[in-house]
Amino acid sequence: MKCQGNFVFKSVEFVEPGEFKNSSGNLIKYPASYRLSVDELQDDGKIIDVKFKIAESETNLVNQLRMFKPYDKIGLECSVKFYSNGVRVIPEKVQKIEK
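Now for a look at the structure at hand. Everything numeric in this text was worked out from a predicted model, so none of it was measured.

### Quick notes on the side chain of Ser33
For Ser33, the position within the fold is in strand β4 (residues 33-41). You can call Ser33 buried: its relative accessible area is 6%. Not counting the four nearest positions on each side in its chain, Ser33 is found in contact with Glu13, Phe14, Val15, Lys53, Ile54 and Glu56.

### Points about the sheet that holds β4
One open sheet accounts for 5 strands, arranged β5-β4-β1-β6-β7; its pairing is antiparallel. Looking at which strands have only one partner, the edges of the open sheet turn out to be β5 (47-55) and β7 (86-96). Sheet twist, expressed as the mean angle between neighbouring strand axes with direction ignored, is 45 degrees. Relative to strand β6 (residues 73-83), strand β1 (residues 2-15) runs antiparallel, the two sharing 7 bridges. When the sheet's bridge partners are listed, Lys2 is paired in β6 with Ser79.

### Considering the packing of aromatic side chains
For any two aromatic rings, the description comes down to two numbers: the centre-to-centre distance and the angle of the planes. Considering all chains together, one arrives at 4 aromatic pairs under this definition. Residues Phe9 and Phe68 carry aromatic rings whose centres are separated by 5.9 Å and whose planes lie at 50 degrees to one another, so their mutual orientation is tilted. Pair noted here: Phe9 is in strand β1 and Phe68 is in the loop between α1 (59-65) and β6, with a separation of 59 residues, a long-range link. Accessibility classification places Phe9 together with Phe68 in one group, the buried group. Aromatic side chains Phe14 and Tyr34 sit 5.3 Å apart centroid to centroid with 70 degrees between the ring planes, which places their arrangement in the edge-to-face category. With Phe14 in strand β1 and Tyr34 in strand β4, the pair connects residues that are 20 residues apart, well separated along the chain. Residue classification places Tyr34 among the buried positions, given a relative accessible area of 12%.

Parameters at a glance
Residues numbered from 1 in each chain as written. Predicted model: local features only at pLDDT ≥ 70, side-chain atom pairs only at ≥ 80, totals over all residues. Heavy atoms only, no water. Helix = DSSP H or I, 4+ residues; strand = E, 2+ residues; numbered from the N terminus. Buried < 20%, exposed > 50% of the residue type's maximum accessible area, 1.4 Å probe, protein only. Contact = heavy atoms within 4.5 Å. Pairing = 2+ DSSP bridges. Axes fitted to C-alpha atoms, helices over the stretch in contact; angles between N-to-C directions. Phe/Tyr/Trp six-rings, centres within 6.5 Å; stacked < 30°, edge-to-face > 60°.

Remember, this is a structural readout, not a statement about activity or role.
Put into structure tokens, the structure is as follows:
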């Protein structure tokens, strides 16, 4: 499933790989990735801080995101993936909104 939305760009940051123990004591490892931080202005006037996880291998998307300055208005096209334990929204394309 695809979705799109308009946001205000804040930053894109590299996240080192790491590990943690879950509530059962099992060691969970996670790979390196990027974190995209944006703000969404909702219809009721509230501003919501939104963070997206981007795979380290998505270099084209990350390089495009690095061209934006804080507070640039952007449009994101994302895919929505449904899993048994949740839903994930994955950014795929970005464009600057001129206005």
